[in-house]
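One-letter residues, chain by chain:
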Amino acid sequence: MVKKSWGFATLAVHGSGGHDPQTGAISVPIYQSSTFAFKNSQHGTDLFSGKAEGYIYSRISNPTQAALEREMAFLEEGDEAIAFGSGMAAISTCIFTLCRSGENFVSSRTIYGGTHALYIKVMPRLNIGVTEVDATDLNKVEDAINDKTRFLFIETPANPTIEIIDIRGCAEIAHRKGIKLVVDNTFATPYYQKPLTMGADVVVHSATKYIGGHGDTVAGINIGFKELMTEMRKQNLQDLGGIISPFNAWLLLRGLKTLPVRMDRHSENGMRVAQFLAFHPKIERVWYPGLRIHPQHELAKSQMTNFGGMIAFEIKGGIEEGKRVMDNVELCTLAVSLGDCDTLIVHPASTTHSSYSPEEMLANGIKPNLIRLSVGIEDVTDIIEDLSQALKHI
Ligand SMILES: *Cc1c(COP(=O)(O)O)cnc(C)c1O
């Protein structure tokens, strides 16, 4: 049995309900089954009508997926979670649950490139309006809301500029206006930030990142309160079909057990690398919420318990110098994604955020000399030495 008094690390290890009652297996089994047998025809009828609880078909639910969902609901302090095949499936299903054709939502403008692509490519075809605003200014958020607005969407810390949005401030505005607040908590994870305890209605995750933590799974998870999550599962998960596979759910359950220890190391390394970059003569600017020079350091401290491994930095020079740094790292891997054990380095303007127009990029702080670093859990001296030698080439 899970105890309320347990701390985060204990919950991360034990929260999913302990040993398999049938076999004593310590690891939740991978229920690699598409369908589940009814005991008799009445049982089938009862399962379909909701009179009996149980499994029917793995597009609706699966025991390995259910264990992951239980665990994530504990960790984010929500009632229920739903796991998806990707972060984008989680985000799109959340949008379709909250918004219909003819309505709109307001989003922070500096967000994951794929989310922005969903806004500009898919939403217009469905006649769902999206207003992207500089959400570091709460007045702009409030001004963008009209009587057809159904929710606010924010990502904090934001990709790729590591800007921080005030969760409590956005929740206050949303609820005063009678709409919902959705927070993408991918960068912080529930270990460092619990938006539902600060007024958010739904938390979305790309579990591909820190939750999985090993760069071997693509997955997403939404967490929230009973009524909305039931609607999301019934009306949208089942029909849109963006479910997670039992094997990937198992990989995430495995990842969750080490989430707190990995995050502690990501943060420790992140702070050391950020400090190194902050004093480097070839660096113009470093964005890391744990540094006092981050413009929202105080806000970050008020809603996060630590700062993780995501850093953005602007080098002296432009696109050519940026490429030279990228082409000379030896330990850091040139790859999109983040939150892996390995340190990953990426040039957002030419890759992850190329869905933005050049004007939008500049307006959103995605400069051509901006490099994003997902600091891994290697020996930090090796990461610093690698960056140091790569920066000598500019
Ligand atoms: C990666 C990412 C996503 C999309 O998740 P996928 O698992 O790649 O579909 C959404 N939000 C943020 C902040 C991300 O980093």
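Just so you know, these numbers come straight off a predicted model, no measurement behind them. (Residues numbered from 1 in each chain as written. Predicted model: local features only at pLDDT ≥ 70, side-chain atom pairs only at ≥ 80, totals over all residues. Heavy atoms only, no water.)

A.B. asks: What is the right way to look at the site of the ligand in this model?
C.D. replies: For the ligand, the set of nearby residues contains 16 residues, the closest of which are Gly87, Asp184, Ser206, Thr208 and Lys209. With respect to the ligand, the backbone of Gly87 contributes an N or O atom lying 2.9 Å from an oxygen atom. Between the ligand and Lys209, the relevant distance is 2.7 Å, taken from an oxygen atom to a side-chain nitrogen or oxygen of the residue. Against a free-state accessible area of 380 Å², the protein chains account for coverage of 93% of the ligand. Class assignment of the residues belonging to the shell around the ligand gives a composition of seven nonpolar, six polar and three charged. (Near = heavy atom within 4 Å. Polar contact = N/O pair within 3.5 Å; in protein donor to acceptor, adjacent residues only side chain to side chain. Areas by Shrake-Rupley, 256 points an atom, 1.4 Å probe, with all protein chains shown as cover. Nonpolar A, V, L, I, M, F, W, Y, C, P; charged D, E, K, R; others polar.)

A.B. asks: I would appreciate a short explanation of empty space enclosed by the protein in the present structure.
C.D. replies: Summary: where empty space remains is shown by rolling a probe the size of a single water molecule over the atoms. Here the structure, examined in full by the defined rule, presents two cavities of 30 Å³ or more. Its boundaries defined by the atoms lining it, the largest cavity holds a volume of some 40 Å³. In this structure, the largest cavity is lined by Gly212, His214, Asp216, Leu251, Arg254 and Gly255. Its residues assigned to classes, the lining of the largest cavity shows one nonpolar, three polar and two charged. Here the second largest cavity defines a volume of roughly 30 Å³. Forming the walls of the second largest cavity are Pro157, Ile162, Phe187, Phe307, Gly308, Gly309 and Met310. In terms of residue class, the lining of the second largest cavity is built from five nonpolar, two polar and no charged. (1 Å grid on protein atoms, 1.4 Å probe; cavity = no way out; pocket = protein on both sides within 12 Å on 5 of 7 lines; lining within 4 Å. Points joined across faces, edges and corners; volume = space filled by probe spheres on them.)

A.B. asks: Please clarify how the sheet that holds strand 1 (residues 80-84) should be interpreted in this entry.
C.D. replies: Think of a sheet as strands paired side by side through backbone hydrogen bonds, with each pair either parallel or antiparallel. Reading across from one edge, 1-7-6-5-4-2-3 is the order of the seven strands in this open sheet, with mixed pairing throughout. Since the sheet does not close on itself, it has two edges, and those belong to strand 1 and strand 3 (129-133), each with one partner. The mean inter-strand angle of the sheet, taken between neighbouring strand axes irrespective of direction, is 20 degrees. Where strand 6 (residues 202-206) meets strand 7 (residues 220-224), five bridges bridge the pair, whose relative direction is antiparallel. Its bridge partner being in strand 7, Val202 is matched across the sheet by Gly224. Along the sheet, helix 5 (residues 113-121) contacts strand 2 (104-108), strand 3 and strand 4 (149-155); its crossing angle with strand 3, the most-contacted strand, is approximately 140 degrees. Each of strand 4 and strand 5 (180-184) is contacted by helix 7 (residues 167-176), which is oriented at about 155 degrees to strand 5, the strand it contacts most. (Pairing = 2+ DSSP bridges. Helix = DSSP H or I, 4+ residues; strand = E, 2+ residues; numbered from the N terminus. Axes fitted to C-alpha atoms, helices over the stretch in contact; angles between N-to-C directions. Contact = heavy atoms within 4.5 Å.)

A.B. asks: I'm lost on the packing of aromatic side chains in this one. Help?
C.D. replies: Two aromatic rings, taken as a pair, are described by how far apart their centres are and by the angle between their planes. Scanning all chains against the criterion turns up nine aromatic pairs. Between the aromatic rings of Tyr119 and Phe153, the centroid separation amounts to 6.4 Å while the plane-to-plane angle is 90 degrees, which identifies the pairing as edge-to-face. In this pair, Tyr119 sits in helix 5 while Phe153 sits in strand 4, placing the two residues 34 residues apart along the sequence. By relative accessible area, Tyr119 is classed as buried at 3%. Accessibility expressed as a relative area gives 1% for Phe153, which makes it buried. (Phe/Tyr/Trp six-rings, centres within 6.5 Å; stacked < 30°, edge-to-face > 60°. Buried < 20%, exposed > 50% of the residue type's maximum accessible area, 1.4 Å probe, protein only.)

A.B. asks: Just checking my understanding: could you explain the domain arrangement of the protein for this structure?
C.D. replies: Note on interface size: it is often stated as the accessible area lost on association of the parts. Once the domains are mapped, the protein shows domain 1 (8-255) and domain 2 (259-391). Together domain 1 and domain 2 conceal approximately 3300 Å² of surface at their shared face, both sides included; 58% is due to carbon and sulfur atoms. Of all residues in domain 1, Ile164, Tyr192 and Tyr210 give up the largest surface area on contact with domain 2, accounting jointly for 26% of the area buried on that side. Top element by residues in the side of domain 1 that touches domain 2 is helix 5. It accounts for four residues. Residue composition of the side of domain 1 that touches domain 2, grouped by class: 20 nonpolar, 15 polar and five charged. (Domains from an automatic or database assignment. Buried area = accessible area lost by both parts, 1.4 Å probe.)

A.B. asks: What is the right way to look at the layout of surface pockets in this model?
C.D. replies: Size it by volume and the largest pocket reaches roughly 1200 Å³. Glu53, Gly54, Tyr55, Ser61 and Arg233 are the residues nearest the centre of the largest pocket, which is lined by 39 residues in total. Among the elements that take part in the lining of the largest pocket, helix 3 (residues 63-76) stands out by supplying eight residues, more than any other. Of the residues belonging to the lining of the largest pocket, the class tally is 16 nonpolar, 14 polar and nine charged. Taken as a whole, the second largest pocket spans an internal volume of roughly 270 Å³. Lining the second largest pocket, in full, are Val2, Lys3, Lys4, Trp6, Phe8, Leu11, Ala73, Phe74, Leu75, Glu77, Gly78 and Lys194. When residues of the lining of the second largest pocket are traced back to their parent elements, those giving at least two are helix 1 (8-14) and helix 3. Sorting elements by how many residues they give to the lining of the second largest pocket places helix 3 first, with three residues. A breakdown of the residues in the lining of the second largest pocket according to their chemical character gives seven nonpolar, one polar and four charged.

A.B. asks: Can you walk me through the packing of helix 4 (residues 87-98) against helix 5 in this structure?
C.D. replies: Relative placement of two packed helices is described by the angle separating their axes and the distance separating the axes. Where helix 4 meets helix 5, the closest approach of the two axes is 10 Å, and the angle between their N-to-C directions is 40 degrees. Considering the angle they form, helix 4 stands oblique to helix 5. Taken as a pair, helix 4 and helix 5 cross one another with a handedness that is right-handed. In contact with Met88, Ile91, Ser92 and Ile95 of helix 4, helix 5 contributes Gly114, Thr115, Leu118 and Tyr119. Looking at the contact of helix 4 with helix 5 residue by residue, the class counts come to five nonpolar, three polar and no charged. (Parallel < 35°, antiparallel > 145°, perpendicular 65-115°, else oblique. Left-handed = near helix turned anticlockwise from the far one by under 90°.)

A.B. asks: Would you mind showing me how to read the packing of helix 11 (residues 259-278) against helix 15 (residues 380-391) here?
C.D. replies: Two elements in contact, helix 11 and helix 15, have axes whose closest approach is 10 Å; the angle formed by their N-to-C orientations is 30 degrees. Judged by the inter-axis angle, helix 11 sits roughly parallel to helix 15. Helix-helix and strand crossings are classified by hand; for helix 11 and helix 15 the assignment is right-handed. Within the contact between the two elements, helix 11 uses Asn269, Arg272, Val273, Phe276 and Leu277 and helix 15 uses Val380, Thr381, Ile383, Ile384, Leu387, Ser388 and Leu391. Of the residues assigned to the contact of helix 11 with helix 15, the class counts are eight nonpolar, three polar and one charged.

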